[in-house]
Amino acid sequence: MQQRKKSSKKVTSWEVLGKQLAEFRRVAGLTQGQLADLARVGEDTVSSVEQGRRRLQADLAERLDEILETKRALSTAVSTIPRHERYPLFAQDFIEHERNAITLLSYQSHVIPGLLQTPEYARTVFENAYPPLGTQELEEAVQARIDRKEILSREKPPLMSFIIEECVLQRHLGAPEAMKRQIQHLRECAGLPFLSLQVMPTETDAHAGLAGALVLLETPDHDHLAYIEGQHKGFMVDDLGEVSMYQQRYGMLRAQALTPQRTKVLLDTLLGVT
């Protein structure tokens, strides 16, 4: 069987915008440090934006347009960045595949899966980011996560399986009432006909997921992919042998977790429903 070729590195809109900013700065005769002082930001911020590693926020783009006299060139560019590129660079390929997936399997060990988060829970997750996000960056991150949930309301949504560690339900991120609403949302999702939700009990003697979180995807062309993420880094895996290994691991996790029906009973208990 012929193995798919690895895709070449994409040049993102943020990288193109960063090169434009660097050229505007050089034409103005400014160093990165001088521009940072004028814009009231750190020099590392200017450097990261120019390298395309950091998104240029709209308010900073406006300040830079005024300083560099670029007639709103940067502000206009920011407003026209493709929607999927609002996500972190390392996650953009995954988000694109997620949007079109016909099957999605997800195991999470630290937080509720993004597709199942309420807006309140998502906000708390991003509020715990470190270094802290700016106000606008926080709002954009929350909105981007909420927008991802559109695939749940597709005319033909993907078949989905989620496995969540029990400790995630016990870790109350945010106010108690907000966490209760999150658990209630999980209970509602567990009733969807295309979605399977399972909890991995904390008191278990066997566990195939000790290596960390894992997402498996099947594309409309029936390609099988894996996505591995941790500490603000992530990568797609398309090697057939490696993806097969992850699929076997996920199959074992499903066998070790509570059944979907027992998971519903657990969620009802957490909600005080008899």
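Remember, predicted model here, so these are calculated numbers, not experimental data. (Residues numbered from 1 in each chain as written. Predicted model: local features only at pLDDT ≥ 70, side-chain atom pairs only at ≥ 80, totals over all residues. Heavy atoms only, no water.)

### Quick look at unusual backbone geometry
For step 1, the next point in the chain: The omega torsion across tyrosine 130 and proline 131 is 0 degrees, close enough to zero to call that bond cis.
For step 2, the next point in the chain: As for its placement among the helices and strands, proline 131 is situated in the loop between helix 7 (119-127) and helix 8 (135-148).
For step 3, the next point in the chain: In the Ramachandran plot, glutamate 69 falls in the positive-phi region, its phi being about 55 degrees despite a non-glycine side chain.
For step 4, the next point in the chain: Unusually for a residue other than glycine, arginine 72 sits at a positive phi of about 65 degrees.
For step 5, the next point in the chain: With respect to the helices and strands, the residue arginine 72 is situated in the loop between helix 4 (58-68) and helix 5 (73-79).
For step 6, the next point in the chain: Relative accessible area serves as the criterion here: at 49%, arginine 72 is assigned to the partly exposed category. (Helix = DSSP H or I, 4+ residues; strand = E, 2+ residues; numbered from the N terminus. Buried < 20%, exposed > 50% of the residue type's maximum accessible area, 1.4 Å probe, protein only.)

### Observations regarding the pairing of strand 3 (residues 195-200)
For step 1, the next point in the chain: Counting buried residues in strand 3 gives six out of six residues, a clear majority hidden from the surface.
For step 2, the next point in the chain: Here strand 3 shows two buried faces, one formed by Leu195, Leu197 and Val199 and the other by Ser196, Gln198 and Met200.
For step 3, the next point in the chain: Here strand 2 (residues 159-165) runs beside strand 3; their pairing, made up of six bridges, is parallel. When the sheet's bridge partners are listed, isoleucine 163 is paired in strand 3 with glutamine 198. (Pairing = 2+ DSSP bridges.)

### Some details on the environment of glutamine 198
For step 1, the next point in the chain: In this structure, glutamine 198 sits in strand 3.
For step 2, the next point in the chain: On a C-alpha basis, the gap between glutamine 198 and threonine 259 in space is 6.0 Å, while along the polypeptide they are 61 residues apart.
For step 3, the next point in the chain: Contact partners of glutamine 198, with chain neighbours within four places excluded, come to Phe162, Ile163, Ile164, Arg254, Ala257, Leu258, Thr259, Pro260 and Thr263.
For step 4, the next point in the chain: At 3.1 Å, the side chain of glutamine 198 forms a polar contact with the backbone oxygen of arginine 254. (Contact = heavy atoms within 4.5 Å. Polar contact = N/O pair within 3.5 Å; in protein donor to acceptor, adjacent residues only side chain to side chain.)

### Examining the packing of aromatic side chains
Geometrically, a pair of aromatic rings is defined through the distance of the ring centres and the angle of the planes.
For step 1, the next point in the chain: On inspection of all chains with the given rule, the structure shows one aromatic pair.
For step 2, the next point in the chain: Seen in terms of ring centroids, phenylalanine 94 and tyrosine 227 are 4.2 Å apart; in terms of plane orientation they differ by 10 degrees. Their pairing is stacked. On the criterion of sequence distance, the pair formed by phenylalanine 94 in helix 6 (residues 92-100) and tyrosine 227 in strand 5 (residues 224-230) is long-range, its members being 133 residues apart. We note that phenylalanine 94, like tyrosine 227, is buried. (Phe/Tyr/Trp six-rings, centres within 6.5 Å; stacked < 30°, edge-to-face > 60°.)

### Digging into the packing of helix 10 (residues 176-190) against helix 12 (residues 260-270)
For step 1, the next point in the chain: At their nearest, the axes of helix 10 and helix 12 sit 10 Å apart, and the two run at 150 degrees to each other. The angle between the axes of helix 10 and helix 12 places the two elements in the roughly antiparallel class. Like other packed secondary-structure pairs, helix 10 and helix 12 cross with a definite hand, here left-handed. Here helix 10 contributes Ile183, Leu186, Arg187 and Ala190 to the contact with helix 12, which in turn contributes Lys264, Leu267, Asp268 and Leu270. (Axes fitted to C-alpha atoms, helices over the stretch in contact; angles between N-to-C directions. Parallel < 35°, antiparallel > 145°, perpendicular 65-115°, else oblique. Left-handed = near helix turned anticlockwise from the far one by under 90°.)

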